[in-house]
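# Observations on the model geometry
Here is what each chain is made of, one letter per residue.
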Amino acid sequence: MKSKFFLWMFVVELFSVSLWAVPALQSQQPPAAEQVFASIEQGMSSGDISGFADYFSNQAYLSLSGGYNGYCSASQAFYILQNYLKLHQPVQFKFTTINTTQSPYSTGVYTYEMKNKRGTSQVFISLRFSNNKWFISQFTIR
Amino acid sequence: MINFRYLLRGTRRYTLAAVFIVFSIFLLGIISSRMIASKKEHSQTIMDARNNETAGEIKALFKEREQLLLQKHKRFTGAYTRAIQKRKTAGQKLWGTSEEKGICYEVLQKDSIVAWQIDAPLLKEADAAYTDGRFFFYRSPLRVYGLAATKKVFEKDTLLLVTGLLFEEKSIQENKELSSVSFQAFLEDKFTTEIIIDYTPYKQPTRDGRYFVTPLENESGNKVGQITSKRISINNDIEALAKTTANMQGILIVAGFILMGFAMSGDFKSFRYPVLKPFLYTIYFVVFRVLLFKLNFPSSLFTGELIEPAGFASQLGGGIVKSPVEFFITTSFFFICSVYAFFSFGKLIDGYKPHLFKRAGYIFYSAIPLYLLVVFASLRGIAASVKSVINDSTFRYFNEPVIIPSLPQLIMITGVLILVTAVLLLLAVIFRIHLRFAPSSQKGSILWFVFFEFIISLSLGAIFIKVQNEPLITYPVFAVFIFLLHVLFYVSVNRHLALLQMVLICGLFGSVIGVALLNYFNSGLERDSLKTTIAEINRPGMEFLQFLAVEALSRAENNAELADALNNKGKALDAETYLIWNASALKQERVQSSLWLLDRSKDVVGSFSTGDSAMQQVPKKFVALAGRNTIIEPTGINNNNGSINISGIAPVTDDGVLLGYLLVSIAYKQGMLIEQNVSDLFKSSPPLINNLLSPADLNIFSVKDGDAENISGDFYPTLLQVEALHAGTVKGQGEVWTEFIFNDENYVVYAQQTNDGKEGSLIAVALKEKKLEWSFFNFFKLFTVHAFIIFVIAGCSSLITIFRRRSLFITFRMQLLSGFLLVSIVPVIALAVFNRYATYEKSKISIRAALQANMAAVEKQTAQLPLHLLKEQSAKIVLEKSGIYCNVYEANKLTSSAMPYLYSTGILPAFLPYDADYNMNKSGLKEYFSSGEYGGKEYFSLYKKIKNNGRVYIVEANSLINPVPGQYSPVEVDVFLFGIYSLAVIIVIGFSSVIANRIASPVKQLTLATRSVAHGDLSVKLPNTAYGEMKELMNGFNTMTDELQRNQAELANLEREAAWKEFARQVAHEIKNPLTPMKLTMQQLVAAYKDKSPKFDMIFEKVSATVLHQIETLNAIASEFSHFARMPVMNIEKIDIIPIILESVTLFQNEKIAIQFQENTLTSLILLGDASHFRRMFINFFRNSIQAGAAQITINVETAGGIKITITDDGHGITPGNEQKIFESNFTTKSAGMGLGLKLSKRFVESLGGTITLKQTEQAGASFVISLPFDQTIQN
């Protein structure tokens, strides 16, 4: 009876460790900067930023026309940008420049519709590499 | 047949209402979909009607503004005319800015301005479309006004009195204090469609079918402008209807859920397992909170910073705290759950006695690790939450020099208070649960137990902090919190506090912990902001400058206003250029930038610059390159000072026709982080990095090739310090944190290697550590807010109590406390007010002296200038030579300024402020000192007349642009004084409370003891802990009660003896009466027998009759005496037994015993009995329990199976074998006492037809049950 109990405990622990280990293994290789920009482009086009929300750093610089301007935490950046895209409904977003050198950055044009009116904004995004991961250091929409 | 009475009884009515609401939700959905279908079917008709309605509403909104303006104009002209007629200085009313937002006034005489306000349009008479009071629009370069102007003749002068209402502020204002009026934006928000307003009567209406035009006409029917609106599509309407329906359904769902809660409340209360009740309530509130979150309620009712994630946003719970309002609501729900948990678990604990008493000690000790884990985890949870409040928020609670926080900040601060209070309440109840299992020998010594827990917590807490990867707080901070926590535990257990008192005390402790944590994490964030400062310095690279240039030049495309401006060259194109800069990203960035507008011939027709003189030079190379394409190129990279320059040019076209060019130059160097930027004037706060630090606090330097170069501040590192930084960055993979001492001050330093590829080059920021007094008043700034909230709650509670009692009962303690506070706080406040005034006045004098010194330098430099330079270049020359910003006026017109772009663009009026003009030009003063306010910031200006070449000029220097070092602003003075005097007030309140308590406590004890004596309890004793006369009074009282007890016993004995004697005499006397005739008749019978009397039979009959009669008499006498020996007559009446029990409980409130009612005990119960007998009986029971060593008495009153009053204590119980004897007369186990209490109680209860039984007894207490008959008919 006792041995069966310990056997089950062992199986459960093994299973739990494997659940933890697999994602840990998977996460060891960070995506390239191009992939990060690709996920940003997709998210901005669809208005759903959850695909690249994890890339916001804890002190990201956010500058939005008619909106927030300054440094904010990753949580704040997520909700600020989400609210911004709700107000400025995306029509189209495309990067015009993607530079993946030592300090990757990209520029693009964001076309949106707000209050029955269409407009465009210039976008600038820069990344920095830290702790084996890419982070968005600056996100400007003007 | 539906029985509505049944359905509406009790909680069923809530269920009925909830069902009705659910039905309404479905009905709403059906109605809404039908309406949407109908709209789609008749979309054209509906849209035409809607557009007509919109046009009507727009006209009405315009008319509203027109009427407001005309009303103000009528009042102004009337007042001005009256003032002139009375020969008073009418224009004085126009000094400064208008008190009415958006309204301004000016007075013209031909083309001269006679009187004006700073924000007046400053038009010329020729610009006025009408001069008979009719409404018209006036467009200045940056603003659009609605104006009304009336010509008035006063004796020989004809004046034009003008009133203006601001319709459009074209530039975007970041500073919330500055006007940001836009009628166009207002209409776009209201009608959710594109709106274009032409403030001219000459614009032709568009023929584009997607738009409709609404002409704007003044009261006289003249067209003054037109509004072109995009036709609203049916989809907008349908969306609006769907949104309204969703909102209404949301409100109904919330209402239904609340009603369901009421409906279930009865079931919750009578739930079989009381220990699970708090969990049921928690589940309900959690579901409720999630429901509110999903429905976006009530966030959808708020606007602005309250719901902005910029204020606060955490991703906890999928966004359930993603704004200040959501945070407040979530913490409030948590607080409600914790209060209920405290209340219900507290009652359970009090009524629960662990039956497994022998094992209770094992449970107690073995639960210590689990208990500590819960405490540590809770403290970590509080720390993590407060850290999130600081890090995930842009509110800077300690850096904004305002005493009264804004509403969003107040909500966040209150949320922190609620959160920490809730956690402390839960920890307090967990502590009490744990304490309940303490072995009995320790139970009486709560202080010892608390101390034991405190030591264990400190010891194991060190390990807890050590094992964490990222401990949120340091061990000393942790130790302080553990100490405060255990003080709270001791107070909560030792003082038997009511629920509200407990909440308020937890609130005070929670405030101390919460504010201390806020301050702690803010200091941490300030430290981290050094890293952000480096990031900010390195952020603008060449690629970003290129982006800024692209963004600015993109505004040349499809810009109708710009095209219009270039077509009409007469316009002030400096303003148009400024507007392009204002709308671009250049304004937000700390870069120097210049923009130029060129016409087709490449001549400069407009410019705006925030740069130095070098930046203001037009890059001629780009002018030459100008063509049909946009060109952007770097113009310079200087690695020595880290500066980078870029320029660009783009064509401005209209329908393919080239109209001109837009040219931009941008420069950035590292020192710009600290330089004052023009845009800073228009921002809501001084330039702050991450809004945490002022640039004045930062000391930035770079290191290249071993040499340190100062960029900003006063910090100059030594060679050793530079070497330490190098070594640190190498070891720390490119960055290092360290501490240096400079000029005997401690500095925190952060350094990072630069990305220029050069070895050993790094950039560093040093921040002086704050002195203790700054942490001190930071703490009080928020603590006072919390204390105020707690005070308001306590005050409201007192008011409710007074309202319920319908009488104002101010205790002796409260009178004493009020007296102390009045005597001490009033002088403190008076002193604070005086100090504030004195400091403010001194500050003004000092600012004036500094400005006078500036003025002296200006005078010296302008004295020898030739006239043409003086008029146009003087301010620039002064700036270059001495760094002082000044303005030069001739009469009241600006001729030269160190910041010419502020005036040429129209941002500030190019006229002397009217009050300065009046005092200097009209009143003839040589020097004039005035104060003003701009963007929420107070500043001071000094004006002085200077003579040059026989002409008089007025020079102005102000503290807005020339910062005067070392001065406290009035608000900073307020904060500093506030901190000091807050401490003084808190100390006064603390000492006053303690002293009032010490004085009032013995008086209260005496009052209660006297009341007990009045109710017959002579065994009450006062403690011997007072001093002085109070001690004598208390000793005297104790002696008095002892004497009374003794006398009462003696009197009782004497009375008993006297009663017995009297009784015996009466008995003897009464018995003698029938015995005498019995003796006589027997003697007669004996004599007759001896005499053998012939009448013996007759005598025998007579004697036996007499004897029998006398025996009957004796029998009657015995019965009478038996009746007489019964209990005295009672006063039987209908009484409510509950208040009688409560009155008896009150008499023991100062004794070391907690007497509580059990949950579910009745709150009212009518029965027949004698109130004073009942009172004596309960007092006797409680006194017995106290004498048995009980610390807790629980009372339960119920009516199931008759009235049962159960009194249970936790004393040492009844000795086995004495269970029946206790009800006998003269049986007592006490050293004093007559042993009659229980006997008399039993007799009394039995006389009412009830019984008293000893339900159970053991070493842990005794339980008596008083059973009485229950009569339902007398309950109402």
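Presented here is a report on the structure given in the accompanying data block.

Cut-offs and rules
Within each chain, residue numbers correspond to sequence positions counted from 1 in written order. The naming scheme follows written order: chains are lettered A onward, ligands numbered 1 onward. The predicted origin of the model limits local features to residues at a pLDDT of at least 70 and limits the giving and counting of side-chain atom pairs to 80 or more, whereas totals for whole chains, interfaces and linings rest on all residues. Side-chain numbers come from the whole structure's heavy atoms, not from hydrogens or water. A run of H or I in DSSP counts as a helix once it spans at least four residues, and a run of E counts as a strand once it spans at least two, with each numbered from the N terminus. Contacts between residues were defined by any pair of non-hydrogen atoms, one from each residue, lying within 4.5 Å. The Shrake-Rupley method, run with a 1.4 Å probe sphere, supplies the accessible areas, and residue values consider only the shown protein chains as cover. When DSSP finds two or more bridges between a pair of strands, those strands are recorded as paired. The convention used is that axes are lines fitted to C-alpha atoms, helices contributing only their stretch in contact, and that angles between N-to-C directions extend from 0 to 180 degrees. Each of two parts loses accessible area, computed with a 1.4 Å probe, when they are put together; buried area is these two losses added. By salt bridge we mean one thing: a side-chain nitrogen of Lys or Arg within 4 Å of a carboxyl oxygen of Asp or Glu. By the convention adopted, Pro, Cys, Tyr, Trp, Phe, Met, Ile, Leu, Val and Ala count as nonpolar, Lys, Arg, Asp and Glu as charged, and the other residues, Gly among them, as polar. Whether a residue is buried, partly exposed or exposed follows from its accessible area with a 1.4 Å probe, protein chains only, as a fraction of its type maximum: under 20%, in between, or over 50%, in that order. For classification, angles of less than 35 degrees are called roughly parallel, those exceeding 145 degrees roughly antiparallel, those between 65 and 115 degrees roughly perpendicular, and all remaining angles oblique. In this scheme, a crossing is called left-handed if the near helix is turned counterclockwise away from the far one by less than a right angle; it is called right-handed if the turn is clockwise. The nonpolar core is taken to be a set of buried Ala, Val, Leu, Ile, Met, Phe, Trp, Tyr and Cys residues, with the residues joined through side-chain atoms within 4.5 Å. Think of a patch as exposed residues, more than 30% relative accessible area, with no salt bridge, where like charges cluster within 9 Å and nonpolar side chains (Val, Leu, Ile, Met, Phe, Trp, Tyr) cluster within 5 Å. Counted charges follow a simple rule, with Lys and Arg positive, Asp and Glu negative, and His plus the chain ends left uncounted. Whenever two N or O atoms come within 3.5 Å, that pair is a polar contact, provided that in protein one can donate a hydrogen and the other can accept it, and provided that, for residues adjacent in sequence, both atoms are side-chain atoms.

This part is about the overall build of chain B. Scanning chain B for helices and strands turns up 30 helices and 30 strands. When contacts within chain B are restricted to residue pairs at least 6 apart in sequence, long-range pairs at least 24 apart make up 65% of them. Of the accessible surface of chain B, which amounts to about 66100 Å², a share of 59% is contributed by carbon and sulfur atoms.

Time to look at the sheet that holds strand 20 (residues 893-897) of chain B. Residue and element names in this part refer to chain B. The strand order across the open sheet built from five strands is 20-19-23-22-21, with neighbouring strands paired in antiparallel fashion. Of all the strands in the sheet, just strand 20 and strand 21 (927-934) have a single pairing partner and so form its edges. Averaged over all pairs of adjacent strands, the angle between strand axes in this sheet comes to 30°, irrespective of strand direction. Bridge analysis of strand 22 (residues 937-948) against strand 23 (residues 951-958) gives eight bridges, and the strand direction is antiparallel. When the sheet's bridge partners are listed, Ile 946 is paired in strand 23 with Tyr 953. Helix-sheet contacts for helix 21 (residues 812-862) involve strand 21, strand 22 and strand 23, and the interaxial angle to strand 22 is about 35°. Packed on one face of the sheet, helix 24 (residues 914-922) meets strand 21, strand 22 and strand 23 and runs near 175° to strand 21.

A few words now on the interface of chain B and chain A. Across the contact, 39 residues belong to chain B and 24 residues belong to chain A. Note on chain B versus chain A: buried area summed over both sides is about 2800 Å², and carbon and sulfur give 53% of it. Across the chain B-chain A interface, the total number found is one salt bridge. Listing elements by their share of the side of chain B that touches chain A, those giving two or more residues are helix 4 (183-191), helix 14 (499-538) and helix 15 (542-553) of chain B. Top element by residues in the side of chain B that touches chain A is helix 15 of chain B. It accounts for five residues. Of the residues assigned to the side of chain B that touches chain A, the class counts are 10 nonpolar, 16 polar and 13 charged.

All right, on to the environment of Tyr475(B) then. Residues and elements named next belong to chain B. For Tyr 475, the location among the structural elements is in helix 13 (residues 475-494). Since its relative accessible area comes to 32%, Tyr 475 is described here as partly exposed. Considering only alpha carbons, one finds Tyr 475 and Gly 461, 14 residues apart in sequence, at a separation of 7.9 Å. Discounting residues that sit within four places of it in the chain, Tyr 475 has contacts with Leu 458, Gly 461, Ala 462 and Ile 465.

As a further point, take the pattern of salt bridges. Residues and elements named next belong to chain B. On inspection of all chains with the given rule, the structure shows 22 salt bridges over all chains. Glu 1143 is the partner of Arg 1175 in a salt bridge, and the nearest nitrogen-oxygen pair spans 3.1 Å. One end of the pair, Arg 1175, is in helix 29 (residues 1171-1187); the other, Glu 1143, is in helix 28 (residues 1137-1146), with 32 residues separating them in the sequence. Residue Glu 1143 is classed as partly exposed on the basis of its relative accessible area, which comes to 37%. Taken together, the shared-partner salt bridges connect Lys 39, Arg 50 and Asp 237 into one network.

What follows concerns the packing of helix 10 (residues 407-436) of chain B against helix 14 of chain B. Residues and elements named next belong to chain B. The interhelical angle for the contact between helix 10 and helix 14, taken along N-to-C directions, is 120°, at an axis separation of 8 Å. With respect to helix 14, the axis of helix 10 lies oblique. Remark: the crossing between helix 10 and helix 14 carries right-handed chirality. Contacts from Val 416, Leu 417, Val 420, Thr 421, Leu 424, Leu 425 and Ala 428 in helix 10 reach Met 502, Val 503, Cys 506, Gly 507, Phe 509, Gly 510, Ser 511, Ile 513, Gly 514 and Leu 518 in helix 14. Of the residues contributing to the contact of helix 10 with helix 14, the split by class is 12 nonpolar, five polar and no charged.

Residue and element names in this part refer to chain B. Of all hydrophobic cores here, the largest spans 77 residues; its most connected members are Tyr 397 and Leu 517. Residue assignment for this core shows that the elements contributing at least two residues are helix 7 (324-351), helix 9 (368-391), helix 10, helix 12 (446-467), helix 13, helix 14 and helix 20 (772-805). Among the elements that line this core, the one with the most residues is helix 10, at 13 residues. Not counting residues within four places of it along the chain, the set of residues in contact with Tyr 397 comprises Val 389, Ile 390, Gln 409, Met 412, Ile 413, Lys 781 and Leu 782. Residues Ile 580, Leu 698, Val 748 and Tyr 901 belong to the second largest nonpolar core, which totals 66 residues.

All right, on to a nonpolar patch on the surface then. All names here are of chain B. Among the surface-exposed residues, Phe 812, Ile 987, Phe 991, Val 994, Ile 995 and Ile 999 lie close enough to one another that they form a single nonpolar patch of about 540 Å² accessible area. With five residues, helix 25 (residues 970-1014) is the largest single contributor of residues to the nonpolar patch. If you trace the backbone, Ile 995 turns up in helix 25. Judged by relative accessible area, which is 39%, Ile 995 ranks as partly exposed.

The next thing to look at is unusual backbone geometry. All names here are of chain B. In the Ramachandran plot, Asp 655 falls in the positive-phi region, its phi being about 55° despite a non-glycine side chain. Tracing the backbone through its elements, the reader meets Asp 655 in the loop between strand 12 (643-654) and strand 13 (657-668). By relative accessible area, which is 78% here, Asp 655 ends up exposed. The phi dihedral of Asn 743 falls on the positive side, at around 50°, and the residue is not glycine.

To continue, consider the side chain of Glu168(B). Residues and elements named next belong to chain B. Looking at where Glu 168 falls in the secondary structure, it is placed in strand 5 (residues 157-169). Buried within the structure, Glu 168 lacks any salt-bridge partner; its nearest side chain of opposite charge belongs to Arg 65, at an N-O separation of 8.5 Å. Reaching out from Glu 168, the side chain makes a polar contact with the side chain of Tyr 199 at a distance of 2.6 Å. Once residues within four sequence positions are removed from consideration, Glu 168 is found in contact with Leu 142, Arg 143, Val 144, Val 181, Ser 182, Phe 183, Gln 184, Ile 197 and Tyr 199.

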